[in-house]
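For reference, the chains in residue letters:
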Amino acid sequence: MSFKNFKCVPKMIFGRGSFAQLDDVLAQERKEADDFVVFLVDDVHQEKPLAGRVPSKSHDLVIYVNVDDEPTTVQVDALTAQVKAFNTKQPVSVVGLGGGSTMDLAKAVSLMLTNPGSSSEYQGWDLIKNPAIHHIGIPTVSGTGAEASRTAVLCGPVRKLGLNSDYTVFDQIIMDSELIAGVPTDQWFYTGMDCFIHCVESLQGTYLNEFAKAFAEKSMDLCREVYLDDHPEKDDKLMMASYMGGMSIAYSQVGACHAVSYGLGYVLGYHHGIGNCLAFDVLEEFYPEGVAEFRKMMEIHNITLPKNICKDLPDETIAKMVAVTKSMGPLWDNVYGKGWEEKVTDEMLTKLFRRI
């Protein structure tokens, strides 16, 4: 038996106000006068105070990216082409500043600058051949665990699937909880629930081990302090919960909720956070205690999920979602173990989707 040789983020800075150190971090990468950095910044920050704090030089490239929709392989390929057209030499770093989608775009672009072809060719596990450009993740919304993970999740021509690779892992992350202040309540809740659900799926899964358990249990405790207790240091706690939730699934796996959410996201375009919440709310037979706690959190924060979004969809639309969800083999293996194929039937998944 061989065990996973897991790669972690090698460098991280944590603390309120630590974003101010980004310039110092980048200075270590800039060796020549014409070395340049690419900043991918969520366009929600454009013309806001944070945009004025981005430490870009005159010869750097700052791109404000739109993530109203889930990141796609087409978007990654276009951004990669834009960077290549900007300068004939490679950037010394790619910085992703935003939520999970923006950080995933930064990870994917850093990979595609050094690997030929389209990003859609690398959707899967360990298909990336060449190391990425140095890349930095700076979350301004917490919950996805994208800052800790070895995947950049993209919607491609066939399905929603990550570029899963050791080369995907950030070289540096900066976790400054001041940056997540002021996030709209719905987004703060949905993204944070991604973290809570990571922990539920990890702790209930067949892949569970003490490494994953240690991170998941602490992350879940922090989520409870944030969403049940409204702790005065909730921003710091959520930022650490997100990182630890990402670490918990790195040595285990997500489960039924993420599998169903991928179907929703790919076919109907729902963002990952709200997609997970929509899916989780109908999965009480899989995660009874977790779903009960989730509903209590929704009640406390006056969150109302859309209802009946799949009830009257055409059968062929449901069939597409079922196909995407069913293709998530490792996730179902984590739910059921060996022989999962007999249990994850089209009929079972169709019934689940019709309840959403």
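Here is what the cut-offs are and how they apply
Residues numbered from 1 in each chain as written. Predicted model: local features only at pLDDT ≥ 70, side-chain atom pairs only at ≥ 80, totals over all residues. Heavy atoms only, no water. Phe/Tyr/Trp six-rings, centres within 6.5 Å; stacked < 30°, edge-to-face > 60°. Helix = DSSP H or I, 4+ residues; strand = E, 2+ residues; numbered from the N terminus. Buried < 20%, exposed > 50% of the residue type's maximum accessible area, 1.4 Å probe, protein only. Lys NZ or Arg CZ within 6 Å of the ring centre and 35° of its normal. Pairing = 2+ DSSP bridges. UniProt positions renumbered as here; feature names shortened; annotations may be inferred. Axes fitted to C-alpha atoms, helices over the stretch in contact; angles between N-to-C directions. Parallel < 35°, antiparallel > 145°, perpendicular 65-115°, else oblique. Left-handed = near helix turned anticlockwise from the far one by under 90°. Contact = heavy atoms within 4.5 Å. Nonpolar A, V, L, I, M, F, W, Y, C, P; charged D, E, K, R; others polar.

The name given to the protein in an unreviewed UniProt entry is Iron-containing alcohol dehydrogenase family protein, with the source organism recorded as Shewanella holmiensis.

Enquirer: Just give me the short version of the packing of aromatic side chains, but keep the residues and values in it.
Expert: Under the criterion given, the structure shown has 15 aromatic pairs. Seen in terms of ring centroids, phenylalanine 6 and tyrosine 251 are 6.5 Å apart; in terms of plane orientation they differ by 85 degrees. Their pairing is edge-to-face. Here the residue phenylalanine 6 occupies a position in the segment before strand E1 (11-14), and tyrosine 251 occupies one in the loop between helix H7 (234-250) and helix H8 (256-268), the gap between them amounting to 245 residues. Residue class for phenylalanine 6 comes out buried when judged on its relative accessible area of 17%. On the basis of an interplanar angle of 65 degrees and a centroid distance of 6.2 Å, the ring pair of phenylalanine 286 and tyrosine 336 is categorised as edge-to-face. Linking phenylalanine 286 in the loop between helix H9 (272-280) and helix H10 (288-300) with tyrosine 336 in helix H12 (residues 329-336), this pair joins segments that are 50 residues apart in sequence. In this structure phenylalanine 286 comes out as buried when scored by relative accessible area, which is 14%. In textbook terms, an aromatic cluster arises when at least three aromatic residues are bridged by ring pairs, as seen for Trp188, Phe189, Tyr190, Tyr227, Phe280, Phe286, Tyr287, Phe294, Trp332 and Tyr336. Over the face of the ring belonging to tyrosine 251 we find lysine 4, whose NZ or CZ atom lies 5.7 Å from the ring centre.

Enquirer: Tell me about the sheet that holds strand E7 (residues 153-155), and please be specific about residues and values.
Expert: Spatial ordering of the open sheet is given by E5-E8-E7, a layout of 3 strands whose pairing is mixed. Looking at which strands have only one partner, the edges of the open sheet turn out to be strand E5 (124-125) and E7. Both E7 and strand E8 (residues 160-164) contribute to a ladder of 3 bridges, which runs antiparallel. Each residue of the ladder has a partner; that of leucine 154, found in E8, is leucine 161.

Enquirer: Which residues make up the UniProt feature "domain: Alcohol dehydrogenase iron-type/glycerol dehydrogenase GldA" (unreviewed entry) in the protein, and what values go with them?
Expert: Here, the residues flagged by UniProt with the feature "domain: Alcohol dehydrogenase iron-type/glycerol dehydrogenase GldA" (unreviewed entry) are residues 11-176. Across residues 11-176 one finds 23% helix and 24% strand; the C-alpha atoms that close the span lie 14 Å apart.

Enquirer: Tell me what's going on with the pairing of strand E6 (residues 135-139), and back it up with residues and numbers.
Expert: In terms of burial, E6 is largely enclosed, as 5 of its 5 residues are buried. Of the two faces of E6, both are covered, the one formed by His135, Gly137 and Pro139 as well as the one formed by Ile136 and Ile138. Here strand E4 (residues 93-98) runs beside E6; their pairing, made up of 5 bridges, is parallel. In the sheet register, glycine 98 faces E6, and the bridge partner there is proline 139.

Enquirer: Which residues make up the packing of helix H5 (residues 185-203) against H7, and what values go with them?
Expert: Two numbers describe how H5 lies on H7: the axes approach to 9 Å, and their chain directions differ by 40 degrees. The angle between H5 and H7 places the two elements in the oblique class. Our pair here, H5 against H7, has a crossing hand that is left-handed. Touching Trp188, Gly192, Cys195, His198, Cys199 and Ser202 of H5 are Lys234, Leu238, Ala241, Ser242, Gly245, Ser248 and Ile249, all from H7. Each residue belonging to the contact of H5 with H7 can be placed in one class, and the counts come to 6 nonpolar, 6 polar and 1 charged.

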